[in-house]
Amino acid sequence: AASPEVSGQQLPDGSGTAGGFFVGATATTPGDWIGPFAANEPGTLAQSLAVDFVMPAGCVTFNPGSNGNKLGFGRLPLSAEYCAINDAGAQIGPFQELFSGVFLYGSASPIRDSRKVDVPPGRYAVRFRRDDAAFTSDQGTNIVLWAGLRAFLKGSNAFADVSTVAIRLLASQS
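So, here is what we can say about the structure in this document. Note that the structure is predicted; figures quoted are calculated from it, not measured.

1. A look at the packing of aromatic side chains
Okay, so step 1: Inspection of the entire model under this criterion finds 9 aromatic pairs.
Okay, so step 2: Here the aromatic rings of phenylalanine 21 and phenylalanine 22 are separated by 4.8 Å at their centres, their planes lie at 90 degrees, and the arrangement is edge-to-face.
Okay, so step 3: The exposed category is assigned to phenylalanine 21, whose relative accessible area is 52%.
Okay, so step 4: We classify phenylalanine 22 as partly exposed; its relative accessible area is 24%.
Okay, so step 5: Plain terms: the ring middles of tyrosine 82 and tyrosine 124 are 5.1 Å apart, the flat faces sit at 85 degrees to each other, and that makes the pair edge-to-face.

Here is the structure:
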């Protein structure tokens with residue numbers, strides 16, 4: 001199940017930077033939370049939650065000099081939390097860490113990534129933030145958008161009067 005409320009919101013900047021290959025780290029403070037948004041519909045139980053995020057211009061640092069590589073990796077600290085909610089959408093439990101970490105990327109092409117975490121069966125809301133500020137345009141690029149919130153539901157994968165097909169594809173660079 002996908003949350004219709006999450007659709008490309010840019011994560012607000014905090015301050016400082018986690019840095020990268022060509023940018024030194026500085027003291028950081030987190031940006032504001034986006035959300036919380038309900039991950040699953042009333043009457044359903046989620047057993048896993050997935051947060052999808054996109055860096056439309058990639059995540060890299062720029063070499064300010066003229067020698068060597070022009071691009072280096074960038075660090076991106078992100079945090080997500082979840083809480084139990086009732087069928088009316090009201091919070092009924094404290095926020096808990098879904099995931100928190102510093103992610104390294106090294107591409108100037110768009111990057112799409114997801115983090116899926118198993119949770120006890122329940123109905124949940126999720127909030128998401130970046131834990132530093134985006135690079136300035138001369139340092140690099142690491143702007144992040146919250147692209148999606150998905151809940152993997154507990155229960156049967158069979159549906160009355162509906163045919164389902166499972167497809168497995170192998171991607172390669174051949």
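So that's the structure; there's more coming.
2. Describing the sheet that holds strand β7 (residues 111-122)
Okay, so step 1: The 4 strands lie next to each other as β1-β10-β3-β7, forming an open sheet whose pairing is antiparallel. Edge positions in the sheet fall to β1 (9-10) and β7, since each of these pairs with one other strand and no more.
Okay, so step 2: In terms of strand pairing, strand β3 (residues 46-55) meets strand β10 (residues 145-153) through 8 bridges, oriented antiparallel. Opposite alanine 46, over in β10, you have leucine 153 as the bridge partner.

3. A few points about the side chain of arginine 130
Okay, so step 1: Looking at the secondary structure, you find arginine 130 in strand β8 (residues 124-130).
Okay, so step 2: By relative accessible area, which is 1% here, arginine 130 ends up buried.
Okay, so step 3: At 3.0 Å, the side chain of arginine 130 forms a polar contact with the side chain of aspartate 132.

4. Description of the nonpolar core
Okay, so step 1: Judged by nonpolar contacts, the single largest core of 28 residues is most densely connected at Leu49, Val51, Leu78, Leu98, Val126, Phe128 and Trp146.
Okay, so step 2: Within the residue set of this core, elements represented by two or more residues are β2 (34-38), β3, β5 (71-84), β6 (96-105), β7, β8 and β10.
Okay, so step 3: Here the element with the most residues in this core is β3; it accounts for 5 residues.
Okay, so step 4: Those residues in contact with leucine 49 that sit more than four places away from it in its chain are Ala39, Tyr82, Leu98, Arg115, Lys116, Val117, Val119, Tyr124, Val126, Arg150 and Ala151.

About the cut-offs
- Residues numbered from 1 in each chain as written.
- Predicted model: local features only at pLDDT ≥ 70, side-chain atom pairs only at ≥ 80, totals over all residues.
- Heavy atoms only, no water.
- Phe/Tyr/Trp six-rings, centres within 6.5 Å; stacked < 30°, edge-to-face > 60°.
- Buried < 20%, exposed > 50% of the residue type's maximum accessible area, 1.4 Å probe, protein only.
- Pairing = 2+ DSSP bridges.
- Helix = DSSP H or I, 4+ residues; strand = E, 2+ residues; numbered from the N terminus.
- Polar contact = N/O pair within 3.5 Å; in protein donor to acceptor, adjacent residues only side chain to side chain.
- Core = buried A, V, L, I, M, F, W, Y, C linked by side-chain atoms within 4.5 Å.
- Contact = heavy atoms within 4.5 Å.

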